[in-house]
Number of protein chains: 2
Amino acid sequence: MTKWLVGLVFLAAPLWAQDGPLPSWNDGATKTAILAFVADVTDEGAGTFVPPDDRIAVFDNDGTLWSEQPVYFQFMFVLDRARALAAADPAWASTDVRRAAVAGDVKGILAGGEAGLVELLGATSAGLSVEDFTAEAAAWMAAARHPTTGLPFDAMTFRPMIELLDHLRANGFQTYIVSGGGIDFMRAYAEPAYGIPPQNVIGSLGNANFAFVDGEPQVMKDAGIAFIDDKEGKPIGIARSIGKRPILAAGNSDGDYQMLQWTTAGEGPRMGILIHHTDALREWAYDRDSHVGRLARGLEDAPAMGWLVVDMAADWAVIWTGGAGGRPAQ
Amino acid sequence: MTKWLVGLVFLAAPLWAQDGPLPSWNDGATKTAILAFVADVTDEGAGTFVPPDDRIAVFDNDGTLWSEQPVYFQFMFVLDRARALAAADPAWASTDVRRAAVAGDVKGILAGGEAGLVELLGATSAGLSVEDFTAEAAAWMAAARHPTTGLPFDAMTFRPMIELLDHLRANGFQTYIVSGGGIDFMRAYAEPAYGIPPQNVIGSLGNANFAFVDGEPQVMKDAGIAFIDDKEGKPIGIARSIGKRPILAAGNSDGDYQMLQWTTAGEGPRMGILIHHTDALREWAYDRDSHVGRLARGLEDAPAMGWLVVDMAADWAVIWTGGAGGRPAQ
């Protein structure tokens, strides 16, 4: 760019500030820190430069890229699947936890402990090919509505985070989801919602088998859990699926602690981001005492670790991609 | 392109035939079939068009992208690691299978059965971070030489297959390795050798754990096998890591059968490729009775399945990327 053109751009910047990157982020230290990090790693002349191949950014999903209250959205999908399966065949509801799911009795489901949840996940997905399961999840996503906002679930994705994903990709980053959620469920909507294709989605894995159904070879979902992509599992899942240590990691709960820890311990410029749910008016406010997305240790250690804590109420001008930037009731 | 330019290119084509795609493939039915498939799926006007996002091509590694005789090259890496570990600490050779490895006694290693091999894999990699392990493998690749050809192992990659990978990528395909080999071993050389980055390598997985070493968080390799990416495991590994069914799969052994079967059973244009090792002069000739890369069922069923069988002796003008296109002795 010639000198006068650079000058023109700088002069013009204040006039079109909202047309710059991250328009849904309020101006302030948080936005400045993110933009500075991206500028640093893409500045070929600087010692902070990172080649595009190594610009790996990983994002937790529930609570980081979309809401997770009153319970993880995948949990609502599982309840709806249970209802549909029992409607088609009442004999399906053969155990306490299955009956609780059909009744939408969350307390009854949780009474079954982890074994009950694993049974429920298996019973609502086993016997479907991975392709059919993802089609079921996509159909659910198109039809289902959130119990308190009435919004489609994929309208409750965070607009500021989608802008961040876009800004990173525009600067040569590869963006990944690294979530405790089921991998095949997330793949049903991650590409239209976030621009993240199936091969960039890392998540928890159910068992699977290769079988012939109506004479056709299929990869079938099976009961049982093969891998839980949470806490210590996140760096392991990243090492297995990407084979490189990211330079940026974003999460919102203590389940993301080890992912941020491993990411930011690497050489060169690194960024760890924690989304702090502080906005009871436009979304939900929770951290240390929440039953979903509990954030205690991360909040405590963030200053010492150099992690950026995003204050949703202060830092985000808009929350959701749908619903007029917040709860539609407002 | 203007008409006269098109005419010029067509007239000129025979003069520079070797400058077209796949120059190391001899002209004939095999090369024609491959080029026609790529032309079909990239022709936007045709019913055979496949959008770039779905142009997923998967390749077995041992025997498909490089040689695998007299034993898988990773096996030689394991023997060299065993020797180095025993040299540093003689107490390392504490079991029969470890002593056999240090002595290079293949029969003694195989006497330990699968449990012995798993022990050996674990004992030569456990206690290293994934990053250190990959650095060890890369250093070995730079220094080690093949026992009969004297070539660096990565000079024994197949030039025709690397041209095929390049041609696919030039036509909007995403190329993946899907191999029974260890994922971290392959990631040490797959990018320089094949242009396939770490995140596009799918392989067998050892156990791993997240730990602090000298105060630094690390993903550490552990003893034991978490996933074997062979036979029925290949379609499962693809479903997990890519989340899409490929449209092209290439292999060379019955370990690739299910991957080709699942790939080619999908809707629309599909291609299954089997590399048949027929060239005893320039490489090795083996199929039904080989202890590595056994190919019996695939060869039998290829015509009925519509799979393309590549006859290395007839179809390839050049074999290796190194060694003057064949064994250096010739």
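Residues numbered from 1 in each chain as written. Chains lettered and ligands numbered in written order. Predicted model: local features only at pLDDT ≥ 70, side-chain atom pairs only at ≥ 80, totals over all residues.

## Side note on the overall build of chain A
Thinking step 1. From N to C terminus, chain A includes 14 helices and eight strands.
Thinking step 2. On C-alpha atoms alone, chain A measures out to a radius of gyration of 21 Å, which is about the 20 Å that the 2.2 N^0.38 rule sets for 330 residues.
Thinking step 3. With the C-alpha coordinates of chain A rotated into their principal frame, the extents come out at 75 × 45 × 35 Å.
Thinking step 4. The buried share of chain A, reckoned over its 330 residues, is 47%.
Thinking step 5. Residue pairs in contact within chain A that sit at least 24 positions apart in sequence constitute 65% of those at least 6 positions apart. (Helix = DSSP H or I, 4+ residues; strand = E, 2+ residues; numbered from the N terminus. Rg over C-alpha atoms; globule rule 2.2 N^0.38 Å. Buried ≥ 20, exposed ≤ 12 C-beta atoms within 10 Å, placed from the backbone. Contact = placed C-beta atoms within 7 Å.)

## A short note on the relation of the copies chain B and chain A
Thinking step 1. For the pair chain B and chain A, the superposition axis carries a translation of 0.0 Å, the fit reaches an RMSD of 0.0 Å, and the rotation angle comes to 180°. Here the two chains are linked by the operation of a two-fold rotation axis. Among all residues of chain B, the minimum C-alpha distance to the rotation axis is found for B:Ser241, at 3.4 Å. (Least-squares fit on C-alpha atoms with pLDDT ≥ 70 in both.)

## Topic: the confidence of the model for chain A
Residues and elements named next belong to chain A.
Thinking step 1. Confidence in the prediction for chain A averages 92 pLDDT; 92% of positions are at 70 or higher.
Thinking step 2. Across residues 1-17, where pLDDT falls below 50, the model places one contact with residues more than four positions away in sequence or in other chains.
Thinking step 3. Overall fold confidence for the complex sits at a pTM of 0.92, while the interface term, ipTM, reaches 0.91. (pLDDT = per-residue confidence, 0-100.)

## Regarding the pairing of strand β3 (residues 201-213) of chain A
Residues and elements named next belong to chain A.
Thinking step 1. Relative to β3, strand β2 (residues 174-182) runs parallel, the two being bridged by three bridges. By the bridge assignment for β3, Ile177 is matched with Val201.
Thinking step 2. Linkage of β3 to strand β4 (residues 216-227), two consecutive antiparallel strands, is achieved through a turn of two residues, within which Asp214 is found at a positive phi near 50°. (Pairing = 2+ DSSP bridges.)

## Examining the environment of B:Thr95
Thinking step 1. With respect to the helices, strands and loops of the structure, B:Thr95 is situated in the loop between α3 (73-88) and α4 (96-102).
Thinking step 2. Sequence separation between B:Thr95 and B:Arg169 is 74 residues; the distance between their C-alpha atoms is 47 Å.

## Section: the domain arrangement of chain A
Residue and element names in this part refer to chain A.
Thinking step 1. Partitioning chain A into domains gives domain 1 (17-70 + 149-325) and domain 2 (73-143).
Thinking step 2. Tallying the contact residues gives 19 residues for domain 1 and 18 residues for domain 2.
Thinking step 3. Elements with a contribution of two residues or more to the side of domain 1 that touches domain 2: β2, α9 (183-187), β3 and β4.
Thinking step 4. The dominant element in the side of domain 1 that touches domain 2, judged by the number of residues it contributes, is β4, at eight residues.
Thinking step 5. Across the side of domain 1 that touches domain 2, the residue classes tally to nine nonpolar, five polar and five charged. (Domains from an automatic or database assignment. Nonpolar A, V, L, I, M, F, W, Y, C, P; charged D, E, K, R; others polar.)

## Some remarks on the interface of chain B and chain A
Thinking step 1. Facing 27 residues of chain B, the contacting portion of chain A comprises 27 residues.
Thinking step 2. Looking at the side of chain B that touches chain A, the elements with two or more residues in it are α9 (183-187), β3 (201-213), β4 (216-227), α11 (233-241) and α12 (257-264) of chain B.
Thinking step 3. Per element, the largest residue contribution to the side of chain B that touches chain A is five residues, and it comes from α11(B).
Thinking step 4. Residues belonging to the side of chain B that touches chain A are distributed by class as follows: 16 nonpolar, five polar and six charged.

## Topic: the environment of B:Ala100
All names here are of chain B.
Thinking step 1. Along the chain, Ala100 falls in helix α4.
Thinking step 2. Given 22 C-beta atoms within a 10 Å radius, Ala100 is considered buried.
Thinking step 3. The sequence separation of Ala100 and Val219 amounts to 119 residues, and the corresponding C-alpha distance is 29 Å.
Thinking step 4. Look past the residues within four positions of Ala100 in its chain and what remains in contact with it is Asp105, Gly108 and Ile109.

## Description of the nonpolar core
Thinking step 1. A:Val58, A:Tyr176, A:Ile177, B:Val58 and B:Ile177 are the most contacted members of the largest nonpolar core, which totals 153 residues.
Thinking step 2. Look past the residues within four positions of A:Val58 in its chain and what remains in contact with it is A:Tyr176, A:Val178, A:Ile238, A:Pro246, A:Ala249 and A:Met259. (Core = buried A, V, L, I, M, F, W, Y, C linked by C-beta atoms within 7 Å.)

## Describing the pairing of β2(A)
Residues and elements named next belong to chain A.
Thinking step 1. β2 sits mainly inside the fold: nine of its nine residues count as buried.
Thinking step 2. Of the strand pairs in this sheet, strand β1 (residues 56-59) and β2 are connected by four bridges, and their pairing is parallel. Bridge pairing in β2 links Ala57 to Thr175.

## Considering unusual backbone geometry
Residue and element names in this part refer to chain A.
Thinking step 1. Along the chain, Gln69 connects to Pro70 via a cis peptide bond; the corresponding omega equals 0°.
Thinking step 2. Tracing the backbone shows Pro70 in the loop between β1 and α3 (73-88).
Thinking step 3. One non-glycine residue, Lys231, lies in positive phi territory at about 50°.
Thinking step 4. Structurally, Lys231 is set in the loop between β4 and α11 (233-241).

## Regarding the environment of B:Thr263
Thinking step 1. Considering the arrangement of structural elements, one finds B:Thr263 in helix α12.
Thinking step 2. The spatial distance from the C-alpha of B:Thr263 to the C-alpha of B:Gly224 is 30 Å, given a sequence separation of 39 residues.

## Considering helix α6 (residues 113-123) of chain B
Thinking step 1. All of the buried residues in α6(B) are B:Leu120, B:Leu121 and B:Ala123.
Thinking step 2. Among the structural elements, α3, α4, α5 (106-111) and β3 of chain B are those in contact with the buried residues of α6(B).

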